[in-house]
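Each chain, written out:
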Amino acid sequence: MHIPEAVIAATGLHTPDETISNAELVDSFNSYVAKFNSENAEAIASGAIPALSPSSVEFIEKASGIISRHVVNRSGILDIDRMCPDIPERPNDQPSILAEMGVKAARDALTRAGRDPSEVDAVLCAASNMQRAYPAMAIEIQSELGIEGFAFDMNVACSSATFGLKTAVDFVRSGQARSVLVVNPEICSGHLNWRDRDSHFIFGDVATAILVERRDRAPEGHWNILGARLKTQYSSNIRNNFGFLNRADPATANASDKLFVQEGRRVFKEVVPLVAEMILDHMAELGIERQHLKRLWLHQANANMNRLIAAKVLGHEAGPEESPTVLDTYANTSSAGSIIAFHLNQDGFEPGDRGLICSFGAGYSAGTIFVEKSY
Ligand code: COA
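Residues numbered from 1 in each chain as written. Predicted model: local features only at pLDDT ≥ 70, side-chain atom pairs only at ≥ 80, totals over all residues. Heavy atoms only, no water.

Caption draft 1: Region of interest: the environment of Met-278. If you trace the backbone, Met-278 turns up in helix H8 (residues 264-286). A relative accessible area of 5% places Met-278 in the buried class. A sequence separation of 88 residues divides Met-278 from Ala-366, and the C-alpha atoms of the two residues are 8.4 Å apart. Setting aside chain neighbours within four positions, we find Met-278 in contact with Arg-229, Leu-230, Lys-231, Ala-366, Gly-367 and Thr-368. (Helix = DSSP H or I, 4+ residues; strand = E, 2+ residues; numbered from the N terminus. Buried < 20%, exposed > 50% of the residue type's maximum accessible area, 1.4 Å probe, protein only. Contact = heavy atoms within 4.5 Å.)

The structure is reproduced here in structure tokens:
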């Protein structure tokens, strides 16, 4: 039986207009800290509660490589009496904001591929946080775009996009679909605890999309997929307990475990070797030598983690050409990070050149997708 080849036909990107610089973020956070400490001066003096410590721009830049982030709504985040995005609920007859962002990224990918939505057979919404339980966000995106066929949501946290990509590849290879849209709308500002000094700087908002197609219908300049591998290993070191049985109002200070929490140091120590080994193993299986790997489009977790993983894979310190980062302007955008890096950094690739799209994050979860510029 003939198995059709699946390729990446195009990618798309939607970047929210609003931004918050580290200086603005720290200024707001430190005003909150000063207010909290002054309002609780007695309890702090008696030792009943600890005083809060201020954040610093220097720490954020050194620990993460982040300088600024895009967000859907900055005023709510910077308001020290709120400290979460102000995104009003919309009536059911209006498009939801997560779907709206996904549709913008999807349209970008479709336009770049010259593909009409009517020619797409499936939509996967693969992201860390869905706006609601059901109907699936993917079905709303499918409807907004006017796509026939089927759609469903998947959540594998920071690895959602690569897991979605591999799923799309399998649908194409099995003959179930000719073109599959994988959409990654990430409103990370909604799951971040902006009152938590250890993590308040980490995330930003964005949406990406990937169009996976049968090779015989894909446009020129597509990317062949040499191999795709997925891995998960249970860990609570990155966790969010929010769910339909555990709700909390993010506008209240006691919501902390219903938002993103992590043991940052343990994540760093455990995930770097796990991902580096997985990449090297997969390379060996595919017979790809490190000197034949032109670029790594890594999950944009933080600059130090990416630097270490790239060095272990390439055998030397990677330059920006070899392992580009978008952390400075986008911050960590969960599953969308490696796709933004891929989307924005394809210069200099000749037919036959090879690269790696790689995700890692909560679960733990990791995905490695080796690609080759088509002839
Ligand atoms: N501003 C100023 N200082 C801060 C601070 C802030 N916002 N947050 C923490 N600090 C201080 C701490 O209090 C600590 O001070 P101390 O040494 O006097 O106790 C010091 O900075 C180091 O804190 P620590 O939490 O140990 O920082 P770190 O160097 O481990 O960096 C992370 C923190 C999260 C950036 C780092 O662990 C990391 O990159 N982890 C990977 C996890 C990740 O990226 N996850 C995303 C999902 S994939």
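Still more to cover.
Caption draft 2: A look at empty space enclosed by the protein. Per the counting criterion, the structure on display carries two cavities of 30 Å³ or more. The computed volume of the second largest cavity comes to approximately 30 Å³. Along the walls of the second largest cavity sit Leu-25, Ser-28, Phe-29, Ile-77, Met-83, Trp-194 and His-200, which together make up its complete lining. Ranked by residue count, the leading element in the lining of the second largest cavity is helix H1 (residues 22-39), at three residues. (1 Å grid on protein atoms, 1.4 Å probe; cavity = no way out; pocket = protein on both sides within 12 Å on 5 of 7 lines; lining within 4 Å. Points joined across faces, edges and corners; volume = space filled by probe spheres on them.)

Caption draft 3: Examining the site of the ligand more closely. In the vicinity of the ligand, 15 residues are found, and the nearest of them are Ser-55, Arg-197, Gln-262, Arg-265 and Asn-302. In the environment of the ligand, a nitrogen atom lies 2.9 Å from a nitrogen or oxygen atom belonging to the side chain of Ser-55. Here an oxygen atom of the ligand sits 2.7 Å away from a polar atom, N or O, in the side chain of Arg-265. For the ligand, whose unbound accessible area comes to 970 Å², protein coverage reaches 71%. Using a 2 Å cut-off from the grid points, one finds that the ligand occupies the second largest pocket. Put simply, the parts of the chain that give the shell around the ligand at least two residues each are helix H3 (57-64) and H8. The leading source of residues in the shell around the ligand is H8, at four residues. Taken together, the residues that form the shell around the ligand break down as five nonpolar, seven polar and three charged. (Near = heavy atom within 4 Å. Polar contact = N/O pair within 3.5 Å; in protein donor to acceptor, adjacent residues only side chain to side chain. Areas by Shrake-Rupley, 256 points an atom, 1.4 Å probe, with all protein chains shown as cover. Sits in = over half its atoms within 2 Å of the grid points. Nonpolar A, V, L, I, M, F, W, Y, C, P; charged D, E, K, R; others polar.)

Caption draft 4: Expanded view of unusual backbone geometry. Here Tyr-134 and Pro-135 are connected by a cis peptide whose omega angle stands at 0°. By the secondary structure assignment, Pro-135 is in the loop between strand S4 (122-126) and helix H6 (137-145). In this structure, Tyr-364 follows Gly-363 across a cis peptide bond, with omega equal to -10°. Looking at where Tyr-364 falls in the secondary structure, it is placed in the loop between strand S12 (354-361) and strand S13 (365-373). In this structure, Ala-157 takes a positive phi of about 50° despite not being glycine. As for its placement among the helices and strands, Ala-157 is situated in the loop between strand S5 (150-154) and helix H7 (160-173). Of note, Ala-331 is a non-glycine position whose phi angle comes to about 65°, a positive value. Along the polypeptide, Ala-331 turns up in the loop between helix H10 (327-330) and helix H11 (337-344).

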